[in-house]
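Listed below are the residues making up each chain.
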Amino acid sequence: KAGVTQTPRYLIKTRGQQVTLSCSPISGHRSVSWYQQTPGQGLQFLFEYFSETQRNKGNFPGRFSGRQFSNSRSEMNVSTLELGDSALYLCASTSTGTSDTGELFFGEGSRLTVL
Amino acid sequence: GENVEQHPSTLSVQEGDSAVIKCTYSDSASNYFPWYKQELGKGPQLIIDIRSNVGEKKDQRIAVTLNKTAKHFSLHITETQPEDSAVYFCAAGGRAQKLVFGQGTRLTINP
């Protein structure tokens, strides 16, 4: 069974640009979450999508947005990039529904560098 | 909302010794406490989890303890090996999709 796939793995952008990251969850998983990982800050929750609907959202500015497609693949977009957006962006999928606790399966991440 | 504090941020132990990582949480409603291990260049992977109706759980060399009264939980790794070197994250929440993660602990096992 293929794991969570994130593309691209590495990218470099300049301030003011925008970026789109893609995540393909494990087959059959309907929940996809996005996290930002920076040194010393751990994993900061961005948002979660379930069946094409955003179900939860973290405390990030509106420049960060996402969506989920009918095949459960998800994209996140960051507009008007700032230096502080440099981070590893991780996607995680899970098969559970709205109330179950269950394992999050993470991809290897997309490392974004903003110059 | 939930807030999770994790200590220490870095930990270095000799191979064969034990390692302990501690986390505290703030929301008494949290009932799910997983630990994730992140190796270099990879995404975090679940290694063990515990729910609030259990005080301790063990899986081979790894154990987690939970003190709901004090709102803290700990990861214990015994007989450490070089492959245990990684970054470890604790988390707390009501379900997987709403977890709050700690800041991470970089564990180094010295041969």
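Structure shown above.
All values derive from a computational prediction rather than experimental measurement.

Cut-off values and rules
Residues numbered from 1 in each chain as written. Chains lettered and ligands numbered in written order. Predicted model: local features only at pLDDT ≥ 70, side-chain atom pairs only at ≥ 80, totals over all residues. Heavy atoms only, no water. Helix = DSSP H or I, 4+ residues; strand = E, 2+ residues; numbered from the N terminus. Rg over C-alpha atoms; globule rule 2.2 N^0.38 Å. Contact = heavy atoms within 4.5 Å. Areas by Shrake-Rupley, 256 points an atom, 1.4 Å probe, with all protein chains shown as cover. Buried area = accessible area lost by both parts, 1.4 Å probe. Salt bridge = Lys/Arg side-chain N within 4 Å of Asp/Glu carboxyl O. Nonpolar A, V, L, I, M, F, W, Y, C, P; charged D, E, K, R; others polar. Core = buried A, V, L, I, M, F, W, Y, C linked by side-chain atoms within 4.5 Å. Buried < 20%, exposed > 50% of the residue type's maximum accessible area, 1.4 Å probe, protein only. Phe/Tyr/Trp six-rings, centres within 6.5 Å; stacked < 30°, edge-to-face > 60°. Lys NZ or Arg CZ within 6 Å of the ring centre and 35° of its normal. Pairing = 2+ DSSP bridges. Axes fitted to C-alpha atoms, helices over the stretch in contact; angles between N-to-C directions.

Draft legend 1. Summary view of the overall build of chain A. Of regular secondary structure, chain A possesses zero helices and eleven strands. For chain A, the N- to C-terminal ordering of α and β elements is β-β-β-β-β-β-β-β-β-β-β. Relative to a compact globule of 115 residues, whose C-alpha radius of gyration would be 13 Å, chain A shows 13 Å and is just as compact. Taking the principal axes of the C-alpha coordinates as reference, chain A spans close to 40 × 30 × 25 Å. Of all intrachain contacts in chain A linking residues separated by at least 6 positions in sequence, the fraction that spans at least 24 positions is 54%. When the accessible surface of chain A is summed, it comes to about 5,400 Å², and 47% of that surface belongs to carbon and sulfur atoms.

Draft legend 2. Quick peek at the interface of chain A and chain B. Contacts between chain A and chain B engage 27 residues on the former and 19 residues on the latter. A buried area of about 1,700 Å², summed over both sides, lies between chain A and chain B, and 51% of it is on carbon and sulfur atoms. Across the contact surface, chain A and chain B share zero salt bridges. Take the side of chain A that touches chain B: its biggest share by element is four residues, from strand 5 (residues 42–50) of chain A. For the side of chain A that touches chain B, the per-class residue count stands at seven nonpolar, 14 polar and six charged.

Draft legend 3. Structural context of the nonpolar core. B:Trp35, B:Phe73, B:Leu75 and B:Leu107 are the most contacted members of the largest nonpolar core, which has 23 residues in total. Elements with a contribution of two residues or more to this core: strand 2 (10–14), strand 3 (19–25), strand 4 (32–38), strand 5 (45–51), strand 7 (62–67), strand 8 (72–77), strand 9 (86–92) and strand 11 (105–110) of chain B. Once you skip the residues sitting within four places of it in the chain, B:Leu75 turns out to touch B:Ala19, B:Val20, B:Ile21, B:Trp35, B:Ile47, B:Ile48, B:Ile62, B:Ala63 and B:Tyr88. Core analysis: the next-biggest nonpolar cluster, separate from the first, contains 21 residues, A:Val19, A:Phe47, A:Tyr49 and A:Leu81 among them.

Draft legend 4. Expanded view of the packing of aromatic side chains. Overall, the coordinates contain twelve aromatic pairs over all chains when judged by the stated rule. Members of the aromatic cluster, connected to one another through ring pairs, are A:Tyr35, A:Phe45, A:Phe106, B:Tyr36 and B:Phe101. Just above the ring of A:Phe50 sits the side chain of A:Arg55; from NZ or CZ to the centre is 4.3 Å.

Draft legend 5. Expanded view of the sheet that holds strand 3 (residues 19–24) of chain A. All names here are of chain A. Read from one edge to the other, the open sheet built from four strands follows the order 1-3-8-7, with strand pairing classed as antiparallel. Each edge of the open sheet is held by one strand with a lone partner, namely strand 1 (5–7) and strand 7 (64–68). On average, each strand axis in the sheet is tilted by 15 degrees relative to the strand beside it, whichever way the strands run. Note: strand 7 against strand 8 (residues 74–78), five bridges, orientation antiparallel. Directly across from Gly66, in strand 8, lies its bridge partner Met76.

Draft legend 6. Spatial organisation of the side chain of A:Glu75. All names here are of chain A. By the element assignment, Glu75 lies in strand 8. Given a relative accessible area of 15%, Glu75 falls into the buried group. If we ignore the near neighbours within four places in the chain, the residues touching Glu75 are Thr20, Leu21, Ser22, Trp34, Ser65, Gly66, Arg67 and Phe69.

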